[in-house]
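Descriptive analysis of the structure
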Amino acid sequence: MPNETGISFNEFKKFCQFLNNLDDFAIAMKMYTYAQQPVSQEEFLRAVMVCTGFSLGSHIVNTVFNIFDKDGDGHLSHKEFISLMKDRLHRGARSHLMHSQNTIEAFKTCVKNEMRTF
């Protein structure tokens, strides 16, 4: 990224709040997908504002696009962003394993479960 700008805690917090409201944003992304229109950075910012009531910094959106725009066309598709972010939520759903009484057993169980996916 040529013009690196740091991300403040408040900006990170807003992005996490956005991710926690991902379902509303996913609906907006699907509308673009059904219309066979990829989402530009400006449209992404507008959709975040409509879905959450606040805006993200343009450098955060630029970072998101640099990370998730697989084909490098400057646009995001539903597949490039939403499916990956929803997968993030599923990975976090296994955190209950770390709160058990015997953490070494929880760790072994986690490793076994992860090894099954390969």
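Our subject is the structure listed above.
Parameters and conventions
Residues numbered from 1 in each chain as written. Predicted model: local features only at pLDDT ≥ 70, side-chain atom pairs only at ≥ 80, totals over all residues. Heavy atoms only, no water. Phe/Tyr/Trp six-rings, centres within 6.5 Å; stacked < 30°, edge-to-face > 60°. Buried < 20%, exposed > 50% of the residue type's maximum accessible area, 1.4 Å probe, protein only. Helix = DSSP H or I, 4+ residues; strand = E, 2+ residues; numbered from the N terminus. Expected span 1.5 Å × (residues − 1). Arc of directions from axis to C-beta. Core = buried A, V, L, I, M, F, W, Y, C linked by side-chain atoms within 4.5 Å. Contact = heavy atoms within 4.5 Å. Axes fitted to C-alpha atoms, helices over the stretch in contact; angles between N-to-C directions. Left-handed = near helix turned anticlockwise from the far one by under 90°. Nonpolar A, V, L, I, M, F, W, Y, C, P; charged D, E, K, R; others polar.

**Structural notes on the packing of aromatic side chains**
Per the stated rule, a full pass over the model turns up 5 aromatic pairs. Judged by centre distance (4.9 Å) and plane angle (85 degrees), the rings of Phe-18 and Phe-25 are edge-to-face. We note that Phe-18, like Phe-25, is buried. Ring geometry for Phe-44 against Phe-65: centres 5.6 Å apart, planes inclined by 80 degrees, an arrangement best described as edge-to-face. With Phe-44 in helix 3 (residues 41-52) and Phe-65 in helix 4 (residues 58-68), this pair connects stretches of sequence that are 21 residues apart.

**Some remarks on helix 3**
Over its 12 residues, helix 3 runs 16 Å from end to end, which matches the ideal 16 Å to within 8%, given 1.5 Å per residue. Within helix 3, the full set of buried residues consists of Phe-44, Ala-47, Val-48, Cys-51 and Thr-52. Here the buried residues of helix 3 occupy an arc of 105 degrees about the axis, which is enough to place them on one side. Of the exposed residues in helix 3, those oriented more than 90 degrees away from the buried face are Glu-42, Arg-46 and Val-50. Immediately downstream of helix 3, the backbone of Gly-53 shows phi near 90 degrees, a positive value.

**Examining the nonpolar core**
Counting 24 residues, the largest nonpolar core has Phe-18, Leu-22, Phe-25, Phe-44, Leu-56, Leu-76 and Phe-81 as the members making the most contacts within it. If sequence neighbours within four positions are ignored, Phe-81 has contacts with Phe-18, Leu-22, Phe-25, Met-29, Phe-44, Val-64, Phe-68 and Leu-76.

**A word on the packing of helix 3 against helix 4**
Helix 4 packs onto helix 3 with a crossing angle of 115 degrees between their chain directions and a minimal axis gap of 10 Å. Along this stretch, helix 3 crosses helix 4, giving a crossing that reads as right-handed. For the pair helix 3 and helix 4, the contacting residues are Gln-41, Phe-44 and Leu-45 in the first and Ser-58, Val-61, Asn-62, Val-64 and Phe-65 in the second. When its residues are assigned to classes, the contact of helix 3 with helix 4 shows 5 nonpolar, 3 polar and no charged.

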